[in-house]
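A closer look at the structure
The residues making up each chain are set out below.
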Amino acid sequence: MLNLYADRGNVQTLLRRCEWRGLHAHVTPVRRHDEVRLRDYHLVLIGGGSDREQALVAEALRRRRREWKAAVEDGLPVLAVCGGYQLLGEYYQLPDGTKVPGLELLDLVTTAGRPRLIGNIAIESPEVGTVVGFENHGGRTVHRHAPLGTVLRGHGNNGRDGYEGVRYRNVVGTYIHGPLLPKNPRLADFLLSLAAAYAGVAVDFPPLDDELEWAAHRAFLTRHAGVRGPR
Ligand code: GLN
C-alpha cells in the first residue's frame, strides 16, 4: 500500500548491491494485516502513499507499536519514505484537522498544508554527501532530531527550515522518492552496512562499479536541481 513514485526500486537496489558482492539477502513483502515479527529482520523499508492508504497502514502498524519502539531503540535499521516517514512520528494531521496517529517512534509531527511541496530535490547529508530525488507531499514535518541533511534545492521537511528528513539511531526518514536509492549509492551502502552490523555479521562492502549510478546522480544535480557539486 505504501509504494509511491517507485519506492519499490529501493528494495531492488539493495538486493542487487548485495548480489553484486556475493551476499545473500532475503526480502519479505509485508501486507497490511500480516503479523510481522520485527526481530526476524535486519532492515525495514516503508514507502509513501496517499493520505487514505497511510491512515489504513497506520492503524495496522500501531497494534505493534511497543515492539516497533523496542526494535528501533535496539538499533533496527529503518528506511522510511514520505508517508512512511510521517508514520514514524506522533501524528499526521489531515487537511480537515483529523489527526492520524503514527507509531510515535520519533519526536516528530506532520501537518498537511498548501500548496503541496512538489519537485526535484537535492540535499547535503553529513553522513552520505549529496542525496537527490523527487518530493511530492502536502505534509509539513517538524521534529527534534538531527535531519538527514540540509536542502540545496527543493522544499524538504516543511519548506521553511531548510532541513530534510530525519536521523535517529539507525532510522533514516526522508521525503525523497524517485526511487531514492538507485541514484544515491552511498546511502544504499550506508543502509546495508547498518543492516549487517545490526545482524551481527562482519561483512565487507567492497566498492562497486557505480559509474552509471553517479552519472545519474550528477546529471540530476546539474540538470534538475541546478546544483554543481563533486557528487
Ligand atoms: N500523504 C502524505 C502527504 O501528502 C504523503 C505523500 C507521499 O507519500 N508522497 O504529505
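Values in this document were obtained by computation on a predicted structure and should not be read as measured data. (Residues numbered from 1 in each chain as written. Predicted model: local features only at pLDDT ≥ 70, side-chain atom pairs only at ≥ 80, totals over all residues. Heavy atoms only, no water.)

Here the focus is the site of the ligand. Around the ligand, the surrounding shell holds 17 residues, and the nearest of these are D51, C82, Q86, G138 and G139. The separation between a nitrogen atom of the ligand and a polar side-chain atom of Q54 is 3.2 Å. Here an oxygen atom of the ligand sits 3.0 Å away from a polar atom, N or O, in the main chain of G83. Where the shell around the ligand is concerned, the elements lending two or more residues are α2 (51–62), α4 (83–87) and β6 (129–143). (Near = heavy atom within 4 Å. Polar contact = N/O pair within 3.5 Å; in protein donor to acceptor, adjacent residues only side chain to side chain. Helix = DSSP H or I, 4+ residues; strand = E, 2+ residues; numbered from the N terminus.)

This part is about helix α1 (residues 8–19). With 12 residues, α1 ought to run about 16 Å at 1.5 Å a step, and its terminal C-alpha atoms sit 17 Å apart, in line with that. Listed in full, the buried residues belonging to α1 are G9, N10, T13, L14, R17 and C18. Elements that come into contact with the buried residues of α1 comprise β1 (44–46), β2 (78–81), α5 (185–199) and α6 (211–224). (Expected span 1.5 Å × (residues − 1). Buried < 20%, exposed > 50% of the residue type's maximum accessible area, 1.4 Å probe, protein only. Contact = heavy atoms within 4.5 Å.)

This next bit is on α5. Over its 15 residues, α5 runs 21 Å from end to end, which matches the ideal 21 Å to within 8%, given 1.5 Å per residue. Turning to α5, its buried residues number three or more, namely P185, L187, A188, D189, F190, L191, L192, L194, A195 and A196. Of the surrounding elements, those touching the buried residues of α5 are α1, β2, β6, β9 (166–168), β10 (171–174) and α6. Among the residues trailing α5, G200 stands out with phi positive, at a value near 80 degrees.

In this fold, H177 is placed in the loop between β10 and α5. Among residues more than four places away in sequence, those in contact with H177 are L4, Y5, D7, G48, V81, C82, G133 and F134.

With that settled, consider the packing of α1 against α5. Two numbers describe how α1 lies on α5: the axes approach to 10 Å, and their chain directions differ by 75 degrees. Here α1 is positioned roughly perpendicular relative to α5, judged by the angle of their axes. Contacts from T13, L14, R17 and C18 in α1 reach P185, A188, D189 and L192 in α5. Classifying every residue of the contact of α1 with α5 gives 5 nonpolar, 1 polar and 2 charged. (Axes fitted to C-alpha atoms, helices over the stretch in contact; angles between N-to-C directions. Parallel < 35°, antiparallel > 145°, perpendicular 65-115°, else oblique. Nonpolar A, V, L, I, M, F, W, Y, C, P; charged D, E, K, R; others polar.)

Any two aromatic rings considered together are summarised by their centre-to-centre distance and by the angle between their planes. Enumeration according to the criterion identifies 2 aromatic pairs in this entry. Each ring, one from Y5 and one from F134, has its centre 5.3 Å from the other, and the planes form 85 degrees; the classification is edge-to-face. Here F134 lies in strand β6 and Y5 lies in the segment before α1, a separation of 129 residues in the sequence. According to the relative accessible area criterion, Y5 is partly exposed, its value standing at 33%. Taking the relative accessible area as the measure of exposure, F134 reaches 24% and is therefore partly exposed. (Phe/Tyr/Trp six-rings, centres within 6.5 Å; stacked < 30°, edge-to-face > 60°.)

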